[in-house]
Amino acid sequence: MAGKKPKTMETTNKLQLTKDKSRILSNTLITFMIAMVFANIAAEMYMNMLPLYMKFLGADVVQIGMFFTISQIVPLILQVLGGWISDTIGRLKSVALGSLIGLGAFISPVFVPTWQWLYLSEFLNAVTRSLIGPSFGAFIAEETDEEHRGKVYGITDTIYTVVTVIGPPFGGWLADTYGFRIMLAVAAGIYICATIIRLILARTAGKRRKEQANDKLSFQALKVNFKTIFSLAITGGVLTWLLLTDGVRDIAFSMSFRLMPLYLEEVGGMSLQQIGWLSSFFGMAMMVTTIPAGWFADKFSERVAIAIGFFIEFVAMVLLINMNSFVGFAAIWALFGVGVGLLSPAYQSLLSKVLPERIRGTGFGLIHASLGIFSLPAPAIGSLLWKNISPQAPFYITAVFALLTVVPAWLKFKIDKRDLERVAQANGNSNDVAKEKQSK
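Calculation notes
Residues numbered from 1 in each chain as written. Predicted model: local features only at pLDDT ≥ 70, side-chain atom pairs only at ≥ 80, totals over all residues. Heavy atoms only, no water. Helix = DSSP H or I, 4+ residues; strand = E, 2+ residues; numbered from the N terminus. Contact = heavy atoms within 4.5 Å. Areas by Shrake-Rupley, 256 points an atom, 1.4 Å probe, with all protein chains shown as cover. Salt bridge = Lys/Arg side-chain N within 4 Å of Asp/Glu carboxyl O. Phe/Tyr/Trp six-rings, centres within 6.5 Å; stacked < 30°, edge-to-face > 60°. Buried < 20%, exposed > 50% of the residue type's maximum accessible area, 1.4 Å probe, protein only. Lys NZ or Arg CZ within 6 Å of the ring centre and 35° of its normal. Core = buried A, V, L, I, M, F, W, Y, C linked by side-chain atoms within 4.5 Å. Expected span 1.5 Å × (residues − 1). Bend = angle between axes of the 7 residues up to and from the residue. Polar contact = N/O pair within 3.5 Å; in protein donor to acceptor, adjacent residues only side chain to side chain. Patch = residues over 30% accessible without salt bridge, like charges linked within 9 Å, V, L, I, M, F, W, Y side chains within 5 Å. Axes fitted to C-alpha atoms, helices over the stretch in contact; angles between N-to-C directions. Parallel < 35°, antiparallel > 145°, perpendicular 65-115°, else oblique. Left-handed = near helix turned anticlockwise from the far one by under 90°. Nonpolar A, V, L, I, M, F, W, Y, C, P; charged D, E, K, R; others polar.

A.B. asks: So what about the overall build of the chain? Which residues, and what values?
C.D. replies: Each helix and strand counted, the chain has 20 helices and 0 strands in total. Taking the intrachain contacts of the chain between residues at least 6 apart in sequence as the baseline, contacts between residues at least 24 apart amount to 88%. Carbon and sulfur atoms form 67% of the exposed surface of the chain, whose accessible area is close to 19300 Å².

In structure tokens form, the structure reads like this:
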């Protein structure tokens, strides 16, 4: 037809970008989430049964508490390094590297002769989590627009929560029916599937528009990233309060939840399959909650969703201490799922907004490492309280702190002009350093 211009390659690319922009979840993000589901089904099968597997191998409750305390030391160092590697080589490549190391973490527990050998598995697991964990939230943030970020985190949390619906009951059934080692072998096979998908994604990372390798790995770049994040963390803004509040919560929840499978078995009288099903009820409730929770956070602010979620967790913890039936525990786990489902998308969205984009992986890693420092002795303290006072003692402490953290969440989780200025300045400083290094 006269006057109609033919489509050029540039026009086609613009149309494709517009199409991608209009979609809430990109194809890459969907594939990324599928791999995360496989990997974390395996992780839920393993971690949910780990205290009981250690008991099967001869560990007592104090040794189990000390195991989880000691096993948290390595991630304190590696979380920041993992975030920096993610910022430098790219999110998908960092995840693929972590998955390769994770193969050892999932295969080795099948063959360990004593529970002490599980320290090696946990070391490999710590390296894996340090490379993958900071990349997870940062990658999702970079794949979405800020105005829809709460919704996207809600959707991805819903997809991710499939693991808590499938993994624990499946692992509990396998352990009950065929034994712990068969269960661990199946978990390792599922993790291998996730690793293959991640390797394929990493191979195509260089062709993607948003995946980028910012720089070469160097101590100078790590120092700049760390200094930038640390300066944001101590300025008294939202990031500071996120760190303080989550630090307190992590101490309280690590004190009791690391011992939860033992509590459910010895105090609650649950079987392995019932313990697995409780996690499934949690996951189903969280799945139902997270998508509307993301919409709620975008519409009414993250702090409202987080504060309500904290309070629901407090209520569930109080009910837990006084419960002794499977049906009651199932209802409580569902309530926990609603609480976590409400606060999780809001928390991730809020955190992504107060971290500079270029060094977001380092930021997520530093946050996780800081929380680990706070909670390092918590599992050991919880096991001592269990043994010397009562099994309920650590759970009472968790309930009290779950309630106390509602106040700072409501009053302080507000992004103001100063927070935005700090993030913009940090982004500018990071870009200036990168340009200066490239020019040398």
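Text resumes after the structure shown.
A.B. asks: Residues and numbers for the pattern of salt bridges, please.
C.D. replies: Applying the stated rule across the entire model yields 4 salt bridges. Between lysine 55 and glutamate 266 there is a salt bridge, with the nearest N and O atoms lying 3.6 Å from each other. Taken together, the residues span a long stretch of sequence, with lysine 55 in helix 2 (residues 27–56) and glutamate 266 in helix 12 (residues 260–266) at a distance of 211 residues. Three or more residues joined by partner-sharing salt bridges are found here, namely Lys55, Glu265 and Glu266.

A.B. asks: Could you give an account of the packing of aromatic side chains, with specific residues and numbers?
C.D. replies: Taken as a whole and judged by the stated rule, the model has 20 aromatic pairs. Centroid distance phenylalanine 56 to phenylalanine 180: 5.3 Å. Interplanar angle 45 degrees. Geometry classified as tilted. In this pair, phenylalanine 56 sits in helix 2 while phenylalanine 180 sits in helix 9 (residues 180–203), placing the two residues 124 residues apart along the sequence. In this structure phenylalanine 56 comes out as exposed when scored by relative accessible area, which is 53%. Note on phenylalanine 180: relative accessible area 11%, which makes it buried. Plain terms: the ring middles of phenylalanine 311 and phenylalanine 314 are 5.9 Å apart, the flat faces sit at 45 degrees to each other, and that makes the pair tilted. Here the residue phenylalanine 311 and the residue phenylalanine 314 both occupy positions in helix 14 (residues 302–321), the gap between them amounting to 3 residues, near one helical turn. Relative accessible area serves as the criterion here: at 41%, phenylalanine 311 is assigned to the partly exposed category. On the basis of relative accessible area, phenylalanine 314 is assigned to the buried category, the value being 18%. Residue placement shows arginine 249 over the ring face of phenylalanine 310; its charged tip is 3.8 Å from the ring centre. A cation over a ring is seen here: arginine 303 above tryptophan 410, with NZ or CZ 4.5 Å from the ring centre.

A.B. asks: Pulling in residues and values, what's your account of the environment of glycine 283?
C.D. replies: Along the chain, glycine 283 falls in helix 13 (residues 272–300). The class of glycine 283 is buried, set by a relative accessible area of 0%. Distance from glycine 283 to glycine 341, taken between C-alpha atoms, is 8.9 Å for residues 58 residues apart in sequence. In this view, glycine 283 contacts Thr161, Thr164 and Val165; residues no more than four positions away in its chain are not counted.

A.B. asks: Describe the nonpolar core, with residues and values.
C.D. replies: Phe32, Leu118, Ile306, Leu320 and Trp333 are the most contacted members of the largest nonpolar core, which has 106 residues in total. With 16 residues, helix 2 is the single largest residue contributor to this core. Discounting chain neighbours no more than four positions away, the residues touching phenylalanine 32 are Leu92, Val95, Phe136, Phe139 and Leu201.

A.B. asks: An account of helix 15 (residues 326–353) is requested, with residue identities and associated values reported.
C.D. replies: For helix 15, spanning 28 residues, the distance from its first C-alpha to its last is 41 Å, which sits close to the expected 40 Å at 1.5 Å a residue. Serine 344 marks where helix 15 bends most, by close to 25 degrees; the proline proline 345 follows one to four residues later.

A.B. asks: Pulling in residues and values, what's your account of unusual backbone geometry?
C.D. replies: The backbone of serine 301 shows a phi angle near 100 degrees, a positive value even though the residue is not glycine. Its location among the elements puts serine 301 in the loop between helix 13 and helix 14.

A.B. asks: Explain helix 2 residue by residue, including any values.
C.D. replies: Given a rise of 1.5 Å per residue, 30 residues ought to cover 44 Å, and the 43 Å separating the end C-alpha atoms of helix 2 matches this to within 8%. Approximately 55 degrees is the largest bend angle found in helix 2, and it occurs at leucine 50, with the proline proline 51 only one to four residues beyond. Across the 30 residues that make up helix 2, a large majority, 21, are buried. Backbone geometry just downstream of helix 2 places glycine 58 in the positive-phi region, at approximately 110 degrees.

A.B. asks: Go over the side chain of threonine 405, please, and point to the residues and values.
C.D. replies: By secondary structure assignment, the location of threonine 405 is in the loop between helix 18 (393–404) and helix 19 (406–412). Overall, the relative accessible area of 4% leaves threonine 405 in the buried class. At a separation of 3.1 Å, a polar atom in the side chain of threonine 405 contacts the main-chain carbonyl oxygen of alanine 402. Filtering out sequence-adjacent residues up to four positions away, threonine 405 remains in contact with Thr245, Val248, Arg249 and Phe310.

A.B. asks: I'd like a rundown of a nonpolar patch on the surface, residues and numbers included.
C.D. replies: Together, Ile107, Phe111, Ile192, Ile196 and Ile200 give the surface a local cluster of nonpolar side chains, amounting to about 490 Å² of exposed area. With 3 residues, the single largest contributor to the nonpolar patch is helix 9. Note on isoleucine 200: relative accessible area 53%, which makes it exposed.

A.B. asks: Residue-level account of the environment of glycine 365, with values.
C.D. replies: Examined against the element boundaries, glycine 365 turns out to sit in helix 16 (residues 360–375). Judged by its relative accessible area of 0%, glycine 365 falls in the buried class. The spacing of glycine 365 and serine 135 is 230 residues in sequence and 8.5 Å in space, taken between C-alpha atoms.

A.B. asks: Talk me through the packing of helix 11 (residues 238–257) against helix 17 (residues 378–388); I want residue IDs and the actual numbers.
C.D. replies: Between helix 11 and helix 17, the shortest axis-to-axis distance is 7 Å and the interhelical angle comes to 50 degrees. Between helix 11 and helix 17, the interaxial angle falls into the category oblique. Helix 17 is crossed by helix 11, and the crossing has right-handed handedness. Contact with helix 11, carried on its side by Ile251, Ser254 and Met255, involves Ala378, Pro379, Ile381, Gly382 and Leu385 of helix 17 and no other residues of that element. Here the residues of the contact of helix 11 with helix 17 sort into 6 nonpolar, 2 polar and no charged.

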